[in-house]
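Secondary and tertiary structure notes
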Amino acid sequence: MIPVDELRPLSAARLLALWRDCREAADDPLERTLLCNARVLAACCYREGAPAFADEEEVLTTLTGRQMERLLERLASQTEPADPAAMNPAFDAARFDALQKEAL
C-alpha cells in the first residue's frame, strides 16, 4: 500500500459533486460506490505534501477494497486536521499558541 501520511477532508459540496459525477458514470450501485470511494481517496490522500494518488484509477489499481475501507474510516473519524498548517498554509502555530496562552 502507498503510505499516506495525511488525509485532507473534503467540503460537503465537493463530496456531493463527486457523488453526482459517479452517479452519472456508473449504473450499478456497487460499481458507483467503489468509484466514488476511489475518487474521494484520490482527492484526500497525501504523501509528503503531494497527492498520494494521481486519480481514482491509481487508487483502484493500487489498493485493495479493505485498504480503501481503512483509509475511508480514518478519514471519517478525523475531528480536526493533525496539522492546522495543512489546511491553511498561512497558519502560524507559534502565534496561535501565544494567543491561546493570553486568553487563559
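For the structure, check the block above.
All of the points below concern the structure found in this document. (Residues numbered from 1 in each chain as written. Predicted model: local features only at pLDDT ≥ 70, side-chain atom pairs only at ≥ 80, totals over all residues. Heavy atoms only, no water.)

1. Quick look at the side chain of Arg32
Heads up, the rule is: Secondary structure elements are defined from DSSP: runs of H or I of at least 4 residues count as helices, runs of E of at least 2 residues count as strands, and each element is numbered from the N terminus. Think of it in three bands: with a 1.4 Å probe and only protein chains considered, a residue is buried below 20% of the maximum accessible area for its type, exposed above 50%, and partly exposed in between. Positive residues here are Lys and Arg, negative ones are Asp and Glu, while His and the chain termini are left out of the count. Salt bridge, as used here, is a side-chain nitrogen of Lys or Arg placed within 4 Å of a carboxyl oxygen of Asp or Glu. Under the rule applied, a polar contact is a pair of N or O atoms within 3.5 Å (in protein, one hydrogen donor and one hydrogen acceptor; residues adjacent in sequence only if both atoms are side-chain atoms). Note on contacts: a residue pair is in contact if any heavy atoms of the two residues lie within 4.5 Å.
One can find Arg32 in helix 2 (residues 29-44). Despite its burial, Arg32 remains without a salt bridge, the nearest opposite charge being carried by Asp27 at 5.6 Å. A polar side-chain atom of Arg32 sits 3.0 Å from the main-chain carbonyl oxygen of Ala26. Those residues in contact with Arg32, other than ones at most four positions away along the chain, are Cys22, Arg23, Ala26 and Asp27.

2. Observations regarding the nonpolar core
Spelled out, the test is: The definition of a nonpolar core used throughout is a set of buried Ala, Val, Leu, Ile, Met, Phe, Trp, Tyr and Cys residues joined through side-chain atoms within 4.5 Å.
Of all hydrophobic cores here, the largest spans 17 residues; its most connected members are Val4, Leu41, Cys45, Phe53, Val59, Leu63 and Leu71. Contributions of two or more residues to this core are made by helix 2 and helix 4 (65-77). The greatest single-element share of this core, amounting to 5 residues, is contributed by helix 2.

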